[in-house]
Structure formats: structure tokens, C-alpha cells
Amino acid sequence: MSFFKAMNISSSGLAAQRVRMNVLSSNLANVNTTRTPEGGPYKREDVVFSATNASDFENMLDEDYGTELKKVQVVDIHKDTKAPRMVLDPAHPDANADGYVAMPNIQTMTEMVNMIAATRAFEANTTALNSAKSMASTAIEIGRA
Amino acid sequence: MSGGLIGGLFTRGDYVKMGALNQRLERQHVINSNVANAETPGYRALGYDFEEQLQALSGSEGDNIPMQASDPRHYINGMADADGTITPEVYLRPTESVGQDGNTVDVDQEMAAMAENQILYKATVELINKKIGTLKYAIANGGNG
Amino acid sequence: MSTIGSGFKFNDAMMGQLHDLKDRSKMEMPSGGKTEGKTSFMDHLNAAIKEVNTDQVTADKKATDLANGKDTNIHETMLASSEAELGFNMMVQVRNKALQAYQEIMRMPV
């Protein structure tokens, strides 16, 4: 039973939200990107979270209760497989034979809302981490008259 | 929790406070885990209860015997063992609303629970410090005159 | 001379010492008037010690209730705890002073 288990769990949350913010920023920055190294327009990316056991394998026997505490991990950044938006723009250098340009299927509003959610989750994890840290600091003061 | 001179210094109320500190720390772990996984698909929020068990251990008014009572009849109703250990309850929080992805964490509820937990942790530490301070004062000033 | 124990045991020890003082002062100063004065002072002291003890019991109960989540009125608990602590500290000092006074009187050449 360690103070730092709570802080490790919270820091995993912070790291996961940070990855998500990076992905969202990348999406927003490339909302009009028509050329990528792989060819074709930029494909929207999304993070996939997964809850993994917070304890190491050796410590699992130390758990006092049946349910394992879970930390969060980003297991995958997967690219959106939706079809790109076709925009009529014959003057564009990447227009196809019909004059349509394949633009990334990214909705700016959606990405902004996701960013707000990610920020809020990041702040919540920060509060949780500070709470655990504050409890540890208070415990050090026990007996100090 | 030995007997003898040191055992006579702390009352049952003091051991209840020490137990409460442990329990509140575990609760902090659970809350942090919920907050870190607030966006993980399929994650179900956990709750951690110990109040009832600890209250069963706290004894009646004017009860001043130490925690490890030789008579097991002092601990009835299945909430606590004869040697003073309690079994906390880890459970899935019941929730009316489940998110689209199967996540049941309510971040605001977790924040409120975290604030309460931290404040009561600090208050309990403060009360333990007061008791220790009283003992120190008695030891320092009781031999004069 | 002092018994180190919990706050409650210390109260009992103090009461015992003060009773000692009372009995000894009765023995060694047989003049009626002085004894009368000492008795009523001791009675005041006894009453004060009982009050301090009650305060401590109340504060302990409130503190336990806060720790196990039954009653989370923090300011009431802290006030009761401070009151008990201050009452106890003052009683220690009063007891020290009473002992000092007794010893000074004993030192007086008759």
C-alpha cells in the first residue's frame, strides 16, 4: 500500500491525455492537407484507450481486494478509414480528372470539442495527483507538534 | 499495536484514527484510478467503502480498551475481526447513466469524493497530532514541581 | 512522581497527588482555619479536574466519529479537541504550581 501507486495511476492518465492532445492538434493542423508521404489526403487519427492493471505482475498477490486497480494506456493510434471529403476545386493542383480534390474528413468543431474534453480530463488527473501528493505531505507531518 | 507502556498510551479511538488513515489512502487509489480511466471505453467506476466497518470497530461511549481485545465478543455483526482488522468493500458504483462507450465514470462525482477524502484525511492527521502533542506535553511538564 | 500514561490516566494520577497533598497538609498543619481554606481549594481543584476529564472524553468521542465518517463536523471537532488540550495543559500547570506552593511551605522553618 503505497502513496505512489495513486500518483502513478494519475500520471498514466496525464500521459494518455497528452497523447490525445497531440493527436488532436495534429488533426487540426492538417485539416486541409491533401498530400501525405503515403499518398492521398491526410487521414484523421484517433487514440484508443485501454485500462491495464496498475500493479506489476509480482505485486498482484499483494492486493487486498479482489478487484485490480486500473491505470490507462494508449494502445493504438488508428487512422480513420472513412472516405475523404470530395470538394469541387478544379484549380487545385491535386484535383482529379473530374475537378474534385480529396480533402481530409476532419470536422474542426469535433476536434475542438474533443480538445476541450481532453483538457478537462487532464486537469482532473492533475487534481487527483495533487490530492495524493498533499496526503503524502500531510502524513510526513504526523507527530510534528 | 503492542501492549505494555506504549500500548497504554493510545486508546481505541486512536487506533480507529490510524485505521481510518489507511482506509482513506486506499480510497484515494480507487478515486485516482477512476479519474485516470474517465474516458476508457468499457471501464466501470469503482467505489470504496469502509465507514460502516470502522464504525463497528469504534466501540461504545466511554469505551477505553485497546484495539486488540482478548474477548472476541467485543466485535460482533461480522463487520470486523477479533484482532481489529476490517474488510473494506470494493464495489462497482451503481450508475443511472452509462456513456456511449460503456464508461460509467462521473468525473465531477469523483472530484467531490476526492476533496472530501483529502480533507478528512488531513483532519484525522491533525487530531492524531493533537493527541501526540498532549502526550509530549505531559511527559515534558509532568515531572516538575 | 508522575505516572506516564494516557491523558485519562494522567488525570487520575493528578487527582491522586492532589488528594495526597490535601491529606498531608491536614496532618502537618493542624490549625483549623488553614485546613478549612485548603479543603475548599482542593474541592475546586477536584471539580476542575473532573471537568477537564469530561472535556477529554467528549473530544475523543468527537474525534473518533470524525475519523470513521459518522459525523464530519470538522470545526466542532477541532474546537472540542483544542478546548480539551488547553484545559489539560492548564491543569498540568496548576498542579505544578500547587506542588511548588506545598514544597515551599514545607521548607518554611517552623
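Above this text you will find the structure in question.
Visitor: Looking at this model, I keep getting lost on the interface of chain B and chain A. Mind explaining?
Guide: It is common to give the size of an interface as the accessible area that goes away when the parts come together. Each partner contributes residues to the interface: chain B has 33 residues there, and chain A has 41 residues. Here chain B and chain A share an interface that buries about 2,900 Å² over both sides, 65% of which is from carbon and sulfur atoms. Linking chain B with chain A are two salt bridges, by the criterion used here. Its salt-bridge partner being R120 of chain A, residue D108 of chain B comes within 3.0 Å of it at the nearest N-O pair. In this assembly, chain B and chain A are joined by 15 residue pairs in polar contact (both at pLDDT 80 or more). Mapped onto the side of chain B that touches chain A, the elements with two or more residues apiece are α2 (12–36), β1 (46–49) and α4 (107–141) of chain B.

Visitor: Hey, could you run me through the nonpolar core in this one?
Guide: Most often, soluble globular proteins have nonpolar side chains that are buried together. Judged by nonpolar contacts, the single largest core of 30 residues is most densely connected at L69 of chain A together with V35, L46, L54 and V105 of chain B. Considering each element in turn, this core owes the most residues, six residues, to α2 of chain B. Once you skip the residues sitting within four places of it in the chain, V105 of chain B turns out to touch N34, N37, A38, Y43, A45 and E110 of chain B.

Visitor: Explain the environment of D106 of chain B to me, please; I cannot follow it from the model alone.
Guide: Position of D106 of chain B among the secondary structure elements: in the loop between β2 (89–92) and α4. Along the backbone, D106 of chain B and K17 of chain B are 89 residues apart, and their C-alpha atoms lie at a distance of 29 Å.

Visitor: So what exactly am I meant to see when it comes to the interface of chain B and chain C here?
Guide: Every contact between the two is made by 32 residues of chain B and, on the other side, 33 residues of chain C. Where chain B abuts chain C, roughly 2,700 Å² becomes buried across the two surfaces, and 64% of that area is made up of carbon and sulfur atoms. Joining chain B to chain C, the criterion identifies two salt bridges. The residue K17 of chain B makes a salt bridge to D60 of chain C at a minimum N-O spacing of 3.8 Å. Here chain B and chain C share six residue pairs in polar contact (both at pLDDT 80 or more) between them. Among the elements of the structure, α1 (4–9), α2, α3 (51–57) and α4 of chain B are those that each provide at least two residues to the side of chain B that touches chain C.

Cut-offs and rules
- Residues numbered from 1 in each chain as written.
- Chains lettered and ligands numbered in written order.
- Predicted model: local features only at pLDDT ≥ 70, side-chain atom pairs only at ≥ 80, totals over all residues.
- Heavy atoms only, no water.
- Contact = heavy atoms within 4.5 Å.
- Buried area = accessible area lost by both parts, 1.4 Å probe.
- Salt bridge = Lys/Arg side-chain N within 4 Å of Asp/Glu carboxyl O.
- Polar contact = N/O pair within 3.5 Å; in protein donor to acceptor, adjacent residues only side chain to side chain.
- Helix = DSSP H or I, 4+ residues; strand = E, 2+ residues; numbered from the N terminus.
- Core = buried A, V, L, I, M, F, W, Y, C linked by side-chain atoms within 4.5 Å.
- Buried < 20%, exposed > 50% of the residue type's maximum accessible area, 1.4 Å probe, protein only.

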